[in-house]
Amino acid sequence: MSGNTRLSILRPHDLLILDFELVNLEISADGAALVPQDAAAGAFVVVHFPPQALAETVWANAVGVNPPIRTAMTGPTRLVFRIPDGATVPLTTDHLLAWEHWKPVLAPIALPRGTAPDAAIPPPALPVAMETAIEFPWRLVLSPDVMGRWRTDNSANAAQLHQLWCAVLYTVDGDGVVESADVRALAALAGPEPFDTSLDASRRRQIVQLSSNFQLPLPSSAGAPFFTPVPLRAKRLELTTLGANAELEAGWDFPLIPPDQPEFMPWDLRSYQHTTALGRDHLVRTVAVGYLCGTGHRAVIIETIERLPTNPRVVGHSPSGGGLFGATGYLLGTTLEVVLLQPVVDYGPLAASFAHGGREMPLRSIRITTTSARIAPREHVEEEPFWLRDPDGQKLMFHAVGTDIAKSFVDFSLPLMFVPYGQIGEHRRIREVFDNLTFTDASTIDLAGQAVTYAPPGDKAGSTVLKTGSVRYDIEQPPHEADPQPAHAMKVAGAPPSYVPRFLPRVASLMASVPAVDDLLGTCQQQELVLASVYLEHDIDGDDNRAQTFVSFVQDLPLALSSQRGGGLVSPTSVAKALSRSLGPVSAPKELQDRKVDLSAFAKTRLLGTIPLLDLLPGDLPFDDAAAADTPVSQQQLDDPDFTLNPPRLTTRRQADLVETRFLWKPPLRKQPVGLPPSLTPPFLTIDLRGADLLLDATTRSARGGETSSAVTGRLRNATMQFVDALAVTIGSLCFHAESGKKMDVRAADVRIVFEGPLAFVNSLQSILPADGFDDPPSVTVDAQGVVAGYTLGVPSIGVGVFSLQNIALSAALSIPFTDRPAGVRFAICERHKPLLISVSLFGGGGFFAVGVSALGLEQVEAALEFGGNISLNLGIASGGVTVMAGIYFGMKGSSVELTGYLRCGGYLEVLGLISISLEFYLAFTYHQKAGNGSEVWGQASLTVCVKIAFISKSVTLSVERRFAGSGGDPSFAQSVSPSAWAGYLQSFA
């Protein structure tokens, strides 16, 4: 074309500057027209325009930005026309600009809207030199379709002001109505990106493909083999010397295809809008589709680039008083908005695509109610996944409502990551961005203690509910090059064609409290849990998960049930490693899968305060089917001595307006006597449980209105405790029952105490106590330490002549502690503060006896006997008397023994009531056997003389005490002298 004739038009009135290139045309000899050089060949006119667009830097935050601003100019634009065959063109400005009569020469893909795909249509490419090419915007080459025409304004003259000259693209329909035209993007020019512009390279490439590629394949489900490209609608396209005025818009509905399908194309652009004045962008808006990771909701990112004033200020006032504003400049700023297209994702149909059948996702659906939100702008880089942030740069929280397995609603908010559709197949990059959290808690969902069902409850409503504080979620992905064997691999083959993302949410861990444990223990302590692997692999029903465990504790959960909540008789103490739908917290989930019961976690559990419960259970504990049965246990079964319920179960049932939590355990007991401690021969305590049964039953009920009630029952029947050769206690029935708002009920029926050996003489007196004395006893004391049930039987006084027997009382008390003290029984004949009295003539005496035994053995024995005589004489003017008393006291408490004997003698004499004298002599010897084999003996003696004359009284006491210690009784030198005192003593000799 270098040999073609060139003409230029320069008209200052309307800034018209054009270069004309004439192909197969020449100026006639008279210079009045353009005529064809070869009449048999076509004649063409190529009109060259100055650059039509100016690319400018786009700012995410234009505050504080000052010129200069980086810009880039587009290349030249050309319009190519074919002159009708044989026609001549008058060589005037008007005729050279009369393009309505010329046929545009276009690229072969500049086809009208609605043209069906055809294999003969070539792919998009740069137009050749003799085809129309409009570079607008920067690095995007456009062409009108074959229906487009150009008109120009030729009315400018030097006599008046005139608008800027322009060439306007239009289309005339069949009725002659002028309409906006269509343009197709033919090519995207390659090259470095020196700064962020209104359209990045990815967007330009997609505009070309979606508007001009007639060979984009579609899946068979689309109903057509190829995608029909949609051209851009040019509501306004005017070419001027100073740049184009344009209003372009387009929308595409390219099918979203999973990335593993061969027809997948990474085209995420859904719409495009571009408004320009004189080549400078005023508004550019793009809409790109993608998915929220990891929930899978479809959404779009709307990017809007607008020309906005910088540093606006008031520069004056209008005549009406309004303000006039100015600015230091007008820069291109960007704003981003995320808009939800798919509010609800139902994970039920996606179960086959989860690594574990959807069990790792307890929410069966998630509805996001945040339908749109402004987000922080990003630097213009190639599209890639990113965490969504609000305009202030903080994490953007989406409000959502989930539906769990029990169809209960769970309200929460969570941050999410956006994955453009074109990046759906970039598994490695998605994982990198997800793991490289913009915020430390980006993958943590705060549930604020809401109840969530984590596994199918079956017939046991509420049995798989946890009060969840937070959930940490992760994503499942299919195997890929960076992770060929993921621990939780998404099964792409199971995903329906409608589900395009290649990631799924799963619960990685959770912080939750167990309602059954909270209700029973009265606590609310959150623990870290994970979904149990046996549940993920085999579900909750069936032989592969016999224990029906569904979550596991990351760290063992201690379970210490106080006596008040353990039925008064037992303080169950264990640890929980997992939660079972049928049994509640379990300590040995692996053994339960094999129908084996491992109660090693109950090693610290005590019966009656101190007796290790495991010592009373058989070594090979059976697994009772009733423990895992769906039907509740009846009271008739619990009253059956042969019925057992093992292992213990702690379950929660939810009804319409009531939540019931129940701890139930009825273990089998050993059928032979058990000696405690096992290391001692013969044992100090022997427990005979043949025919005995133990029941622990604690229930808490919470009503919808907030009212809570509880009932605790503990029962031990048909048990005998033998304490060496001292005594034996037989318990027919020992029952403890506490219920909210009611008096605590402690009953002990058929309790018999038999004294043996040296204490056998007590049996004759003890036998008059009724066996049912503890059944509804007259005295019950309840405090924080425990329950004491007492019974006292008074014997009437007896008097025959000079003989009298007074103040006889027989008593017994049963103590059931709430602390770690042992349970015990105490029997007494009178008390120290109220001894029995015996008198025969002038001789008298008294005493008491008491013995206490507990689960630890013989706790205390205490006895005292006192005897003596009293003689008085009255002669009228003088009177007096003599008293002699002697006694002995024996006390044993633990390993400490005390034996005391004493003598008390006294007399008095009174004359005429004016003068009196009294004398008392006291002598006592005590032997004390202390713990640790230490012993000592000490004696006390005192003499007291008192003289009284009228109103004057004087008393004198003389006393002496001597102590004799046995081996180990005296303190050592180190105990007597402190290190500082010894150092001071040595320094005095220095």
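Residues numbered from 1 in each chain as written. Predicted model: local features only at pLDDT ≥ 70, side-chain atom pairs only at ≥ 80, totals over all residues. Heavy atoms only, no water.

Peer 1: Sorry if this is basic, but what is going on with the overall build of the chain here?
Peer 2: Secondary structure summary: the chain contains 11 helices and 64 strands in total. Across the 990 residues that make up the chain, the buried fraction comes to 48%. Carbon and sulfur atoms make up 56% of the accessible area of the chain, which amounts to about 46,300 Å² in all. (Helix = DSSP H or I, 4+ residues; strand = E, 2+ residues; numbered from the N terminus. Buried < 20%, exposed > 50% of the residue type's maximum accessible area, 1.4 Å probe, protein only. Areas by Shrake-Rupley, 256 points an atom, 1.4 Å probe, with all protein chains shown as cover.)

Peer 1: Help me understand the UniProt feature "transmembrane region" (unreviewed entry) in the chain, please; the structure alone is not making it clear to me.
Peer 2: Annotation from UniProt places "transmembrane region" (unreviewed entry) at residues 836-858, 870-892 and 907-925. Taken as a whole, residues 870-892 contains 0% helix and 87% strand, while its terminal C-alpha atoms sit 31 Å from one another. Note that residues 907-925 is 0% helix and 84% strand, and that its end C-alpha atoms are spaced 22 Å apart. (UniProt positions renumbered as here; feature names shortened; annotations may be inferred.)

Peer 1: Is there a simple way to explain the pairing of strand β35 (residues 504-513) in this structure?
Peer 2: Taken across its 10 residues, β35 has 9 buried, putting it largely inside the fold. Alignment of strand β34 (residues 465-476) against β35, held across 9 bridges, turns out to be antiparallel. Note that in β35 the partner of D474 across the bridge is R506. (Pairing = 2+ DSSP bridges.)

Peer 1: Looking at this structure, how should I read the pattern of salt bridges?
Peer 2: Working definition: two side chains of opposite charge can pair if their charged atoms are close together. Going through the model one piece at a time under the given rule, you end up with 28 salt bridges. Members of the salt-bridge network, linked through shared partners, are E384, R428, R429 and E432. (Salt bridge = Lys/Arg side-chain N within 4 Å of Asp/Glu carboxyl O.)

Peer 1: Before we go on, may I ask you to explain helix α2 (residues 201-212) in this structure?
Peer 2: Structural remark: α-helix, 3.6 residues per turn; residues separated by three or four positions point the same way. Its 12 residues place the ends of α2 17 Å apart at the C-alpha level, agreeing with the 16 Å of an ideal helix rising 1.5 Å per residue. Summarising burial for α2: 11 of the 12 residues are buried, a large majority. Those residues of α2 not exposed but buried are A201, S202, R203, R204, Q206, I207, V208, Q209, L210, S211 and S212. Where α2 is buried, its residues meet β13 (140-144), β17 (181-188), β18 (232-239), β20 (269-277) and β21 (280-293). (Expected span 1.5 Å × (residues − 1). Contact = heavy atoms within 4.5 Å.)

Peer 1: How do you make sense of the sheet that holds strand β4 (residues 33-36) when you look at a structure like this?
Peer 2: The strands making up a sheet are joined through hydrogen bonds of the backbone, oriented either antiparallel or parallel. A sheet is described by the order of its strands in space; here 3 strands give the open sequence β3-β4-β10, paired in antiparallel fashion. Looking at which strands have only one partner, the edges of the open sheet turn out to be β3 (25-27) and β10 (89-90). Relative to β10, β4 runs antiparallel, the two being bridged by 2 bridges. Residue pairing for β10: A33 is matched across the bridge by P90.

Peer 1: In this structure, what is going on with the nonpolar core? I would like to understand it.
Peer 2: As a rule of thumb, soluble globular proteins bury nonpolar side chains together. Counting residues in hydrophobic clusters, the biggest one holds 81 residues, and the most contacted among them are L292, V338, L388, F398 and F412. With 56 residues, the next largest nonpolar core counts V89, W102, W165 and L232 among its residues. (Core = buried A, V, L, I, M, F, W, Y, C linked by side-chain atoms within 4.5 Å.)

Peer 1: Help me understand unusual backbone geometry, please; the structure alone is not making it clear to me.
Peer 2: Trans is the prevailing form of peptide bonds, just as negative phi is the prevailing case for residues other than glycine. The peptide bond linking F136 to P137 adopts the cis configuration, its omega dihedral lying at -10 degrees. Following the sequence through the fold, P137 ends up in the loop between β12 (134-135) and β13. If you check the backbone angles, C830 has positive phi at about 60 degrees while not being a glycine.

Peer 1: When you look at the sheet that holds strand β2 (residues 16-23) in this model, what are you seeing that I'm missing?
Peer 2: Spatial ordering of the open sheet is given by β1-β2-β5-β9-β11, a layout of 5 strands whose pairing is antiparallel. Edge positions in the sheet fall to β1 (5-11) and β11 (103-104), since each has one partner strand and no second. Pairing analysis gives 5 bridges linking β2 to strand β5 (residues 43-49), with the strands arranged antiparallel. For L22, the partnering residue across the bridge sits in β5 and is V45.

Peer 1: Is there a simple way to think about a nonpolar patch on the surface in this case?
Peer 2: Side chains of I877, L909, V911, L912, L914, I915, I917, V947 and I949 sit close together on the surface and give an oily, nonpolar patch of about 800 Å² of accessible area. Going through the elements one at a time, β61 (896-911), β62 (915-929) and β63 (935-949) are the ones with two or more residues in the nonpolar patch. Along the polypeptide, L909 turns up in strand β61. A residue is classified by how much of its surface remains accessible, and L909, at 42% relative accessible area, is partly exposed. (Patch = residues over 30% accessible without salt bridge, like charges linked within 9 Å, V, L, I, M, F, W, Y side chains within 5 Å.)

Peer 1: Just checking my understanding: could you explain the packing of aromatic side chains for this structure?
Peer 2: Note on aromatic pairs: each is described by the distance of the centres and the angle between the planes. Taken as a whole and judged by the stated rule, the model has 13 aromatic pairs. Summarising the aromatic geometry, the rings of W99 and W165 are spaced 6.1 Å apart at their centres and angled 85 degrees between planes, so their arrangement reads as edge-to-face. Of this pair, W99 sits in the loop between α1 (93-96) and β11 while W165 sits in the loop between β14 (149-152) and β15 (167-172), and the two are 66 residues apart along the sequence. Relative accessible area serves as the criterion here: at 0%, W99 is assigned to the buried category. Following the ring pairs from residue to residue traces out a cluster consisting of F49, F81, W99, W102 and W165. One residue, R151, lies across the ring of Y170, its end atom 5.2 Å from the ring centre. (Phe/Tyr/Trp six-rings, centres within 6.5 Å; stacked < 30°, edge-to-face > 60°. Lys NZ or Arg CZ within 6 Å of the ring centre and 35° of its normal.)

Peer 1: What is the right way to read the environment of L536 from this model?
Peer 2: Examined against the element boundaries, L536 turns out to sit in helix α5 (residues 533-538). Sequence separation between L536 and A355 is 181 residues, and the spatial gap between their C-alpha atoms is 8.7 Å. Apart from residues lying up to four places away in sequence, L536 is in contact with H356, R359, E360 and L531.

Peer 1: Sorry, what's going on with the environment of R367 here?
Peer 2: Tracing the sequence through the fold places R367 in strand β27 (residues 363-368). With 33 residues separating them in the primary sequence, R367 and A400 have C-alpha atoms 5.5 Å apart. Once residues lying within four places of it in the same chain are set aside, the contact partners of R367 are P343, V344, H399, A400 and V401.

Peer 1: Looking at this structure, how should I read the side chain of D268?
Peer 2: Its location among the elements puts D268 in the loop between β19 (245-251) and β20. Only 3.2 Å separates the side chain of D268 from the side chain of R203, close enough to count as a polar contact. Discounting chain neighbours no more than four positions away, the residues touching D268 are R203, Q206, V287, A288, V289, P420, Y421 and G422. (Polar contact = N/O pair within 3.5 Å; in protein donor to acceptor, adjacent residues only side chain to side chain.)

Peer 1: Please clarify how the environment of A451 should be interpreted in this entry.
Peer 2: Checked against the element boundaries, A451 lands in strand β33 (residues 444-453). The class of A451 is partly exposed, set by a relative accessible area of 35%. Between the alpha carbons of A451 and V514 there is a distance of 9.7 Å; along the sequence they are 63 residues apart.

Peer 1: What am I meant to see in the side chain of Q477 here?
Peer 2: By secondary structure assignment, the location of Q477 is in the loop between β34 and β35. One polar contact links the side chain of Q477 to the main-chain carbonyl oxygen of H427, over a distance of 3.0 Å. Excluding residues within four positions of it along the chain, Q477 makes contact with H427, I430, R431, P486, H488, A489, M490, R502 and F503.

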